[in-house]
Amino acid sequence: MSSAEICILIAIVVYLAVVVAVGVICSRKNKNVDDFYLGGRKLGPFVTAMSAEASDMSGWLLMGLPGLVYLCGIAEASWTAIGLALGTYVNWLVLAKRLRNYSSRIDAITVPDFFKKRFRDKTNVLIIAAAVLIIIFFIPYTASGFSTCGKLFSSLFGIDYHLAMIISAIVIVAYTSLGGFLAASTTDFIQSIIMTIALIVVLVFGISVAGGWSAVTENARSITGYLSMVETTDGAGNVVSFGSMKIVSTLAWGLGYFGMPHILLRFMAIEDPKKIKLSRRVASIWVFIAMGVAVVIGMVGLAMSKVEPSMVLKDSETVIVAISSLLSKYGVVFALLAGIILAGILASTMSTADSQLLAAASAISQDIMVGTFKFNISSKAKIIAARATVIAIAVLGVIFAWNPNSSVFGIVSFAWAGFGASFGPVMLFSLFWKRTNKWGAMAGMITGGITVIAWHYAQGGLFSLYELLPAFIVSSVFIVVVSLLTKAPEKEITDEFEEVKSM
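Along each chain, residue indices are assigned from 1 in the same order as the chain's sequence is written. With pLDDT at 70 or above as the cut-off, local features in this predicted model cover only qualifying residues; side-chain atom pairs require 80 or more to be listed or tallied, and sums for whole chains, interfaces and linings still use all residues. Where side-chain values are given, they derive from all heavy atoms of the structure, hydrogens and water being excluded.

(A) How the structure looks around the pattern of salt bridges. Here, a salt bridge means any side-chain nitrogen of Lys or Arg that lies within 4 Å of a carboxyl oxygen of Asp or Glu. Across all of its chains, the model carries eight salt bridges by this definition. A salt bridge links arginine 120 to glutamate 492, with the shortest nitrogen-to-oxygen separation between them at 3.4 Å. A residue pair is termed long-range when its members are at least 10 positions apart, and arginine 120 in the loop between helix 6 (111-118) and helix 7 (125-157) and glutamate 492 in helix 19 (residues 491-501) qualify at 372 residues. Three labels apply to residues, based on accessible area from a 1.4 Å probe with only protein chains included: buried if under 20% of the type maximum, exposed if over 50%, partly exposed otherwise in between. Note on arginine 120: relative accessible area 28%, which makes it partly exposed. Each helix corresponds to a stretch of at least 4 residues labelled H or I by DSSP, and each strand to a stretch of at least 2 residues labelled E; elements are numbered beginning at the N terminus.

Given below as structure tokens:
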């Protein structure tokens, strides 16, 4: 192993040791299962904002997005980024405060638990459906994180992809199962800082190697359709149209935010609802800048390939890894910087995987075992069950990500649509339409999930539209129609709705 690789390894090991230490420290603060899953609703505004966005971006920000730009141009990545930036802001503006107040009023600690208590569902059909959908869509989402880690270490050190993925999963499971939500949120805050440093260093170094900003833009302009917002390339140099349907389709990514359990939990956990405005500003600004820089890095990486042979990539999603490897050759200090960048990729992945593991684990241990089957166990036993479930979900995620050729962007796209359509409309109607009842919520949740799966596997024509948009519409229609065709909510529920509305 070269001195540069040793320096990179040191930086990564230090980072991993820090996050595990955070897990150990936070484990001492988990007195009950509410602390484990929601941190006692004690998150400050900055931790809330940055942990929410770090858990949102995942390896998609540092691998999927730059890789897409490197391979195909800016159109799809830019429209997706615009949709996500708008979705982030609107989600914070519309949902955050209302959900925080409502979930606190009814003492809900998970998203399925919120739906159950919001609609006084004594049959438990809502909590079971929501928990099952979380498990279905979070396993591939978590798998995308493990896949990112496997690709990172495999391309960097030549380590076997499967071994690298398993080691990464063990570390993520260690601090998540120990410290729960508080550990996940604290490490996510740390990870957002590392991700920011990684983006800045990669951008500055990459532009320098490429020959300056003018060289980057000149190379991009020389490729037909590369800088167009209405054209893209297919990765083989062929220019294809990126028309209105595809633009609407990619903008629709922003709708997904309304249904992301790991982000909604941050809204539920913030200590002071009055600080949500500050959190919204911090989160929105960071997301806008981070995604903009990630898009530019894809352009920079492609320009570097004209002057640096190592930047001619077989896997475009490793563009930042390749830039980091090149940086490490300039001496010890730069090798340590490269290690920080690569730790940033790990951070982006781990910050999402830990939150997903918790959400999936809560669906099984809290919502199904305790909420549905009424297992009468102590608080200590509940935490043990939660930790065991985290481990079980991680094992399934590793199995799902076993194929090293899986696309991070593709996996995230499917899972994002699943959550956005299954929970997004239900959450919006639950918070803002008093007439919504449990049968409407159930119909919307199930039809949203089914439509995503069916649309995803259909081929051609209208079905080329990103599945989130049609599924979101179908879910919304079913919520309204079924709610109106069935019995109106009881007065107790509508009075509670009005009470929260006035808060």
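Let us keep going from here.
(B) Just the environment of isoleucine 399, in detail. Along the chain, isoleucine 399 turns up in helix 15 (residues 379-400). Linking isoleucine 399 and isoleucine 139, residues 260 residues apart in sequence, is a C-alpha distance of 9.6 Å.

(C) Examining the confidence of the model for the protein more closely. The predicted model of the protein has a mean per-residue pLDDT of 82, with 82% of residues at 70 or higher. Helix 2 (residues 33-38) is the least confidently modelled element of the protein, averaging 59 in pLDDT, while helix 18 (residues 468-485) averages 95, the highest of any element. How sure the predictor is of each residue is captured by pLDDT, a score from 0 to 100.

(D) Broad picture of the environment of asparagine 219. Position of asparagine 219 relative to the elements: it lies in helix 9 (residues 213-221). Taking the C-alpha atoms as reference points, asparagine 219 and lysine 306, separated by 87 residues in sequence, lie 8.5 Å from one another. Contacts were defined at the residue level, with two residues in contact if any of their heavy atoms lie within 4.5 Å. Once residues lying within four places of it in the same chain are set aside, the contact partners of asparagine 219 are Leu302, Ala303 and Lys306.

(E) A look at the packing of helix 5 (residues 96-105) against helix 19. Two elements in contact, helix 5 and helix 19, have axes whose closest approach is 10 Å; the angle formed by their N-to-C orientations is 135 degrees. Relative to helix 19, helix 5 is oriented oblique. The handedness of the crossing between helix 5 and helix 19 is right-handed. Residue-level inspection shows Arg98, Asn101, Tyr102 and Arg105 of helix 5 in contact with helix 19, the latter providing Ile493, Glu496, Phe497, Glu499, Val500 and Lys501. In terms of residue class, the contact of helix 5 with helix 19 is made up of four nonpolar, one polar and five charged. For helices, the axis comes from a line fit to the C-alpha atoms of the stretch in contact; other axes are also lines fit to C-alpha atoms, and the angle between any two N-to-C directions lies between 0 and 180 degrees. Oblique is the label for every angle not falling under 35 degrees (roughly parallel), over 145 degrees (roughly antiparallel), or within 65 to 115 degrees (roughly perpendicular). Here is the rule for handedness: rotate from the far helix to the near one, and if that takes an anticlockwise turn smaller than a right angle the crossing is left-handed, while a clockwise turn gives right-handed. Only Asp, Glu, Lys and Arg are considered charged in this grouping, and only Ala, Val, Leu, Ile, Met, Phe, Trp, Tyr, Cys and Pro are considered nonpolar; every other residue, Gly among them, is considered polar.

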